[in-house]
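Topology and contacts: notes
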Amino acid sequence: RIFRTATGERVLAVIRPVENRPECSNAACHAHPPDRRILGVIDAHLSLASVDALLAEHQRQLVLVTGLAVMLISLVSMVFVWLVLHRPIRELRAGTLKVAAGDLDYRLPARGGDELGELAQSFNTMTAQLAQAHAELTEWARTLEDRVKKKTSELERAHSTLVASEKMASIGKLAATVAHEVNNPLFGMLTYARLTLKTLQSCDLPPEKREKMAENLAVIERESRRCGDLMKNLLTFARQTPPHRSSNDLNVLVERALTLVRHQLELQEIELEKDLEPALEAVYCDHAQIQQVLLVLLVNAAEAMPAGGRLRVVTRLAPDRGGVLIRVADTGGGIPSELLPKIFEPFFTTKENQQRTGLGLAIAKSIVESHGGSIEVKSVPGEGTEFTVLLPLEAGAGAAAGGAHSQAERI
């Protein structure tokens, strides 16, 4: 047993009984009877102070060694984690941020053949492929831009050809009308010239004959001037000149366009109703292009009334919209509602004539928009169609629109 003394010292006590064995009871030196089993007890006390001191020292050494071992293992683990995990992951994060910022030439250092090394190699392969794809896309974009510029120039040339073709087609439709219109005054000129010649053959010229000759010569002069005006308007429309914008009287442009189609209206027995506002402000525009727009609208209106009808042309000042309005309305068959959104598309036409190009209204719209204006259409099937053109008054509006619609002016 182990117990502590009054001083607190641990003591190891061992008790050993002394048994009365036969050899002891029979011996001459012993006087104990044989029936007594226990002769006595041996109680030995051993102090454990030295043992406790040794145990305490061993415990201190064990704690110290354990602490040092823990610190060493933690340090080794930290170094291992830093070298094997933290630094590669930090490099991978930094590389990801650089690649996301657009630096596709950045590469990660590949260390070892473990999973992180394979990840670094995969990252480098990915960035290399991205850099190659980016270079190819950049080259494709540059090539596409060059092709777009090339195609744009080709479209501009094609547009110029189409505009000229549409203008010549309009002139072709007007040629028969103009020829017939010119023949009438020419026939009158010849007739009155012959009458004047016969009158001049008389030597004696009474005052009444002289007055008659003066009237005949006045008719010849008037009809000749009308022929000149017709041909002048036609040549002005047909002449291809670069766009030139200036202040123009819109009513004058309307009258010129009506002069070119008036005989066609008479042949088709179309009643012309003009309502031109007299005090109309000047419009900053290209007179040839606006006259082309008016001719397209007038010819389309006349063709919509082959059996006759009423054509109404109106000009109005629209201060609330900052411009001048031109309305061309007919009493033809109208346009179906499902076709209205398509009539300004190039090459779209509702006429069965194979010679139609379907470019008239598309070109008219592009011209109006290039002037900073707009064109609208209202149509009721069976009742007629009305086109409304709005042109701005100020030169600044036209100039600004010219910059924004310089491309549309060539479409």
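Before reading on, note that the structure itself is shown above.
Now for a look at the structure at hand. (Residues numbered from 1 in each chain as written. Predicted model: local features only at pLDDT ≥ 70, side-chain atom pairs only at ≥ 80, totals over all residues. Heavy atoms only, no water.)

1. What to know about the overall build of the protein
What counts, and what does not: A run of H or I in DSSP becomes a helix once it reaches four residues, and a run of E becomes a strand once it reaches two; helices and strands are each numbered from the N terminus. When a residue's accessible area, from a 1.4 Å probe over protein chains only, is under 20% of the maximum for its type it is buried; when over 50% it is exposed; and in between it is partly exposed. Note on contacts: a residue pair is in contact if any heavy atoms of the two residues lie within 4.5 Å. For the accessible areas, the method is Shrake-Rupley and the probe is 1.4 Å, while residue cover comes only from the protein chains on display.
Of the regular secondary structure elements, the protein holds eight helices and ten strands. When each of the 411 residues of the protein is scored for burial, the buried share is 31%. Pairs at least 24 apart in sequence give 69% of the contacts found in the protein among residues at least 6 apart. Summed over all atoms, the accessible surface of the protein reaches about 25,700 Å², with 60% contributed by carbon and sulfur.

2. Things to note about empty space enclosed by the protein
For clarity, the threshold we go by: Only protein atoms enter the 1 Å grid used here. Points where a 1.4 Å probe fits but cannot escape make up a cavity, open sets with protein on both sides within 12 Å along at least five of seven lines make up a pocket, and a residue lines them when an atom lies within 4 Å of a point. Grid points are joined across faces, edges and corners, and a volume is the space filled by probe spheres set on the points. Classes in brief: Ala, Val, Leu, Ile, Met, Phe, Trp, Tyr, Cys and Pro nonpolar; Asp, Glu, Lys and Arg charged; the others, Gly included, polar.
Summed over the entire model, instances satisfying the criterion amount to one cavity of 30 Å³ or more. The volume enclosed by the largest cavity comes to roughly 30 Å³. In terms of lining residues, the largest cavity is bounded by Val254, Ala257, Leu294, Leu298, Val313 and Val328. Within the residue set of the lining of the largest cavity, elements represented by two or more residues are helix H5 (250-267) and helix H6 (287-303). For the lining of the largest cavity, the residue count by class is six nonpolar, no polar and no charged.

3. Quick notes on the packing of aromatic side chains
Our working definition: Only the six-membered ring of Trp is used, alongside the rings of Phe and Tyr, when aromatic pairs are assigned; centres must lie within 6.5 Å, and planes under 30 degrees apart are stacked while those over 60 apart are edge-to-face, with the rest tilted.
Taken as a whole and judged by the stated rule, the model has one aromatic pair. Aromatic side chains phenylalanine 344 and phenylalanine 387 sit 6.4 Å apart centroid to centroid with 90° between the ring planes, which places their arrangement in the edge-to-face category. Remark: phenylalanine 387 occurs in strand E10 (residues 384-392) and phenylalanine 344 occurs in the loop between strand E8 (323-330) and helix H7 (360-370); sequence separation between them is 43 residues.

4. Quick look at unusual backbone geometry
A positive phi angle is found at glutamate 269, which is not glycine, with a value near 55°. Looking at where glutamate 269 falls in the secondary structure, it is placed in the loop between H5 and strand E5 (270-276).

5. Digging into the pattern of salt bridges
Opposite charge on two side chains permits pairing when their charged atoms draw close. Filter applied, for reference: By definition here, a salt bridge exists when the distance from a side-chain nitrogen of Lys or Arg to a carboxyl oxygen of Asp or Glu is within 4 Å.
Under the criterion given, the structure shown has 14 salt bridges. When the shortest N-O distance is used, the salt bridge between glutamate 376 and arginine 321 registers 3.5 Å. Separated by 55 residues along the polypeptide, glutamate 376 in strand E9 (residues 374-380) and arginine 321 in the loop between strand E7 (309-318) and E8 bring together distant segments of the chain. What makes arginine 321 partly exposed here is its relative accessible area of 38%. Salt-bridge contacts for glutamate 386 lead to arginine 327; the nearest nitrogen and oxygen are separated by 4.0 Å. In this pair, glutamate 386 is assigned in strand E10 and arginine 327 in strand E8, connecting sequence segments 59 residues apart. What you see here is one network of salt bridges that share partners, running through Glu273, Asp275, Arg310, Arg312 and Arg316.

6. Thoughts on H6
Heads up, the rule is: Expected helix span is computed as 1.5 Å times (number of residues minus one). The term polar contact refers here to a pair of N or O atoms within 3.5 Å; inside protein, the definition further demands a hydrogen-donor-capable atom paired with an acceptor-capable atom, and it admits residues adjacent in sequence only when both atoms are side-chain atoms.
For H6, spanning 17 residues, the distance from its first C-alpha to its last is 24 Å, which sits close to the expected 24 Å at 1.5 Å a residue. Burial runs high along H6: 15 of the 17 residues are buried. Capping the start of H6, aspartate 286 holds a side-chain oxygen 3.0 Å from the backbone nitrogen of alanine 288, two or three residues further along.

7. Side note on the sheet that holds strand E2 (residues 10-19)
Selection rule: Between any two strands, at least two bridges found by DSSP are needed for them to pair. To obtain each axis, a line is fitted to C-alpha atoms, and for helices this fit is confined to the stretch in contact; angles are then taken between N-to-C directions over 0 to 180 degrees.
Taken in spatial order, the three strands make up an open sheet running E1-E2-E3, and their pairing is antiparallel. Looking along the sheet, the strands with just one partner apiece sit at the ends: strand E1 (2-4) and strand E3 (38-47). On average, each strand axis in the sheet is inclined to that of its neighbour by 35°, with strand direction left out of account. Bridge analysis of E2 against E3 gives nine bridges, and the strand direction is antiparallel. Within E3, the residue paired with isoleucine 15 across the bridge is aspartate 43.

8. Details of the nonpolar core
Short version of the rule: Note on terminology: a nonpolar core comprises buried Ala, Val, Leu, Ile, Met, Phe, Trp, Tyr and Cys residues joined through side-chain atoms within 4.5 Å.
With 44 residues, the main nonpolar core has Leu250, Leu297, Leu298, Leu311, Ile343, Phe387 and Leu391 as its most contacted residues. When residues of this core are traced back to their parent elements, those giving at least two are H5, strand E6 (283-285), H6, E7, E8, H7, E9 and E10. The greatest single-element share of this core, amounting to ten residues, is contributed by H6.

9. Some words on the sheet that holds E9
One open sheet holds the five strands; their spatial order is E5-E7-E8-E10-E9, and the pairing between them is mixed. Every interior strand has two partners, whereas the edge strands, E5 and E9, have only one. Between one strand and the next, the sheet's axes are offset by a mean angle of 10°, whatever the strand orientation. Across seven bridges, the pairing between E5 and E7 is parallel.

10. A look at H7
Within H7, nine of the eleven residues are buried, which leaves it mostly tucked inside the rest of the structure. Residues of H7 that are buried include every one of Gly360, Leu361, Ala362, Ile363, Ala364, Ser366, Ile367, Val368 and Ser370, and no others. Residue glycine 372 follows H7 closely and has a positive phi angle near 80°.

Scope: geometric values only; no functional claims are made or implied.
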